[in-house]
Amino acid sequence: MMSEKRVTFATKLGVIATAVGSAVGLGNIWRFPYETGQHGGAAFLLIYIGCILLLGIPVVLAEFIIGRGSHSNVSGAFRKLSPGTGWHYISYLGITAAVLIMSFYSVIAGWTMEYTYQALIDSFGSHTPEEFQQDFTAFTSSPLRPIFWTFLFLGINYVIINRGVQNGIEKYSNVMMPLLFLLLLVFCVRSITLPGAGAGLSYLFDPDFSKIDSSVVLGAMGQAFFSLSLGMGTLITYSSYFSSRTKLVRSATTIAAFDTLVAVLAGIIIFPAVFTFGISPSQGPELVFITLPHVFQQMPGAYIWSVLFFILLFLASLTSTISMCEISVAFFTEERKMSRKKASLLHISACAVLGVLCSLSFGVLSEATLFGRTVFGWCDFLSSNILLPLGGMLISIYVGWVLDKKVIRKEMTNNGELRTRLARILVFVLRYIAPTAIILIFLGGLGVF
Ligand code: PHE
């Protein structure tokens, strides 16, 4: 009854572009370089790619099968496919993760808005390296300004999410993602001709295996889930709008490939610059913000590049947060019969409250830590490294062990139209490999080995 009302994505490009819009965002351009920098470089990248192939793509497919197999929101999906069981509780995990992620994510997206503004008023041009750092610290530690941007960002999300699936999301993704990609390519060319390019590239691509420990592996797995928007039902929700002709395997691999490519491109831009300008690769969350303005300074037409880049980064963040909202909105409208307006207001208000605490973690609350993490640190760690992999594990166990094999076959073959042997392999990976790997990485992260 519900499926009649549900819209589907209008074009084939729309399917990929929207899912890529969710996947590509601050996770690739902000989080990937700083996580790589904090975990020692190339070895992290290698494990990260391993996680994408072994866990990421299979779990993306699992979410697609659940989503398109049910044409429903996260909770409704499990209820429809396995009535009378407790699997639908996964949706609470997903909504919690969505709120946690969106809270700290909106703070960083707010930073990109400040930087867009700074780029527009041309304040990067004459800065020395020390000034970039000082300005950044002054801005992020101030109590009001970053919160203003966070709220503005959340407000924009509210407006867009109220315009519905097709016009709201599809339109933006289709134009912006290719543009962002082109821009990154241009910056790559600039970065690899900087004097520190050799050192930067070898940091990113020449692995030092002695740097691998359990925290590196846990971090890489968390980053893989975060970057693919995986383990909390985003892709279940999005694929519930897929048409019956969308090829799931091809879509999953395209999304994963594109997402990884963007992250690697970001690394190729950041690390040569880090080594050229004497910045520490393990700087943390500010890495991108203090490094990139240097790169722009070295380019003819710096003004236009920096304006364009920060606008696109802001828009890329927006397509990601919209997908986070969509989890709650689909849930509350379809399961709790709330209006779209009310549902998005609920989600966004929760993010606003938590977002304030996350923002203040860089200023007055920077000393308020628990086991060495601030509120911001906890929101990030808990969601990326714990909740998403946990959700991914449950989803893979569900599809591997519980879900009717007919549904899997039907979705993998588009109702018998495609021939594929992959369904069998997928079930094997989802049954045995993915859950075991995730548990082992968890135990490693807890220090059991
Ligand atoms: N994948 C997004 C990014 O890389 C973040 C995200 C995580 C979006 C989880 C939705 C769900 O920026």
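The structure displayed is predicted, hence computed values, not measured ones. (Residues numbered from 1 in each chain as written. Predicted model: local features only at pLDDT ≥ 70, side-chain atom pairs only at ≥ 80, totals over all residues. Heavy atoms only, no water.)

**Here's the deal with the state of the cysteines**
By the definition in use, this model includes 0 disulfides. As a non-bridged cysteine, C379 has C358 as the owner of its nearest cysteine sulfur, 3.8 Å distant. The buried category is assigned to C379, whose relative accessible area is 5%. (Disulfide = S-S within 2.5 Å. Buried < 20%, exposed > 50% of the residue type's maximum accessible area, 1.4 Å probe, protein only.)

**Description of the site of the ligand**
For the ligand, the set of nearby residues contains 15 residues, the closest of which are A23, G27, Y105, F226 and S229. Within the contact set of the ligand, an oxygen atom lies 2.5 Å away from a side-chain nitrogen or oxygen of Y105. At a separation of 2.9 Å, a nitrogen atom of the ligand approaches a polar side-chain atom of S229. Against a free-state accessible area of 320 Å², the protein chains account for coverage of 100% of the ligand. (Near = heavy atom within 4 Å. Polar contact = N/O pair within 3.5 Å; in protein donor to acceptor, adjacent residues only side chain to side chain. Areas by Shrake-Rupley, 256 points an atom, 1.4 Å probe, with all protein chains shown as cover.)

**A closer look at helix α16 (residues 340-360)**
Between its first and last C-alpha atoms α16 spans 30 Å; for 21 residues at 1.5 Å apiece the expected length is 30 Å, and the two agree. The largest bend along α16 measures about 25° and falls at L354. Residues A343, S344, H347, I348, C351, A352, G355, C358, S359 and L360 constitute the buried set of α16. Against α6 (90-120), α7 (129-141), α8 (145-161), α15 (302-335) and α17 (375-402) lie the buried residues of α16. (Helix = DSSP H or I, 4+ residues; strand = E, 2+ residues; numbered from the N terminus. Expected span 1.5 Å × (residues − 1). Bend = angle between axes of the 7 residues up to and from the residue. Contact = heavy atoms within 4.5 Å.)

**Examining the packing of aromatic side chains**
Per the stated rule, a full pass over the model turns up 38 aromatic pairs. Plain terms: the ring middles of Y203 and F271 are 5.1 Å apart, the flat faces sit at 45° to each other, and that makes the pair tilted. With Y203 in helix α10 (residues 197-205) and F271 in helix α13 (residues 248-276), this pair connects stretches of sequence that are 68 residues apart. Side by side, Y203 and F271 carry an identical accessibility label, which is buried. In this structure, R373 is placed above the aromatic ring of W378, and the distance from its NZ or CZ to the ring centre is 5.7 Å. Taking the ring centre of F381 as reference, the NZ or CZ of R373 above it sits at 3.8 Å. (Phe/Tyr/Trp six-rings, centres within 6.5 Å; stacked < 30°, edge-to-face > 60°. Lys NZ or Arg CZ within 6 Å of the ring centre and 35° of its normal.)

**A short note on a nonpolar patch on the surface**
Taken together, the side chains of Y117, L120, I121, Y303, I304 and L308 present a nonpolar region at the surface, about 520 Å² in accessible area. Elements with a contribution of two residues or more to the nonpolar patch: α6 and α15. Take the nonpolar patch: its biggest share by element is 3 residues, from α15. Structurally, I121 can be placed in the loop between α6 and α7. (Patch = residues over 30% accessible without salt bridge, like charges linked within 9 Å, V, L, I, M, F, W, Y side chains within 5 Å. Salt bridge = Lys/Arg side-chain N within 4 Å of Asp/Glu carboxyl O.)

**Remarks on unusual backbone geometry**
In this structure, D122 takes a positive phi of about 60° despite not being glycine. For D122, the location among the structural elements is in the loop between α6 and α7. By relative accessible area, which is 45% here, D122 ends up partly exposed. Even without being glycine, S229 reaches a positive phi, approximately 55°. On the basis of relative accessibility, which here comes to 11%, the residue S229 falls in the buried class.

**As for the pattern of salt bridges**
A complete count under the given rule lists 8 salt bridges for this structure. Residues R340 and E326 are paired through a salt bridge, measuring 3.2 Å at the closest nitrogen-oxygen approach. Of the two residues, R340 is situated in helix α16 and E326 in helix α15; the sequence distance between them amounts to 14 residues. Taking the relative accessible area as the measure of exposure, E326 reaches 1% and is therefore buried. Counted as one network, the salt bridges with shared partners bring together R31, E35 and D380.

Remember, this is a structural readout, not a statement about activity or role.
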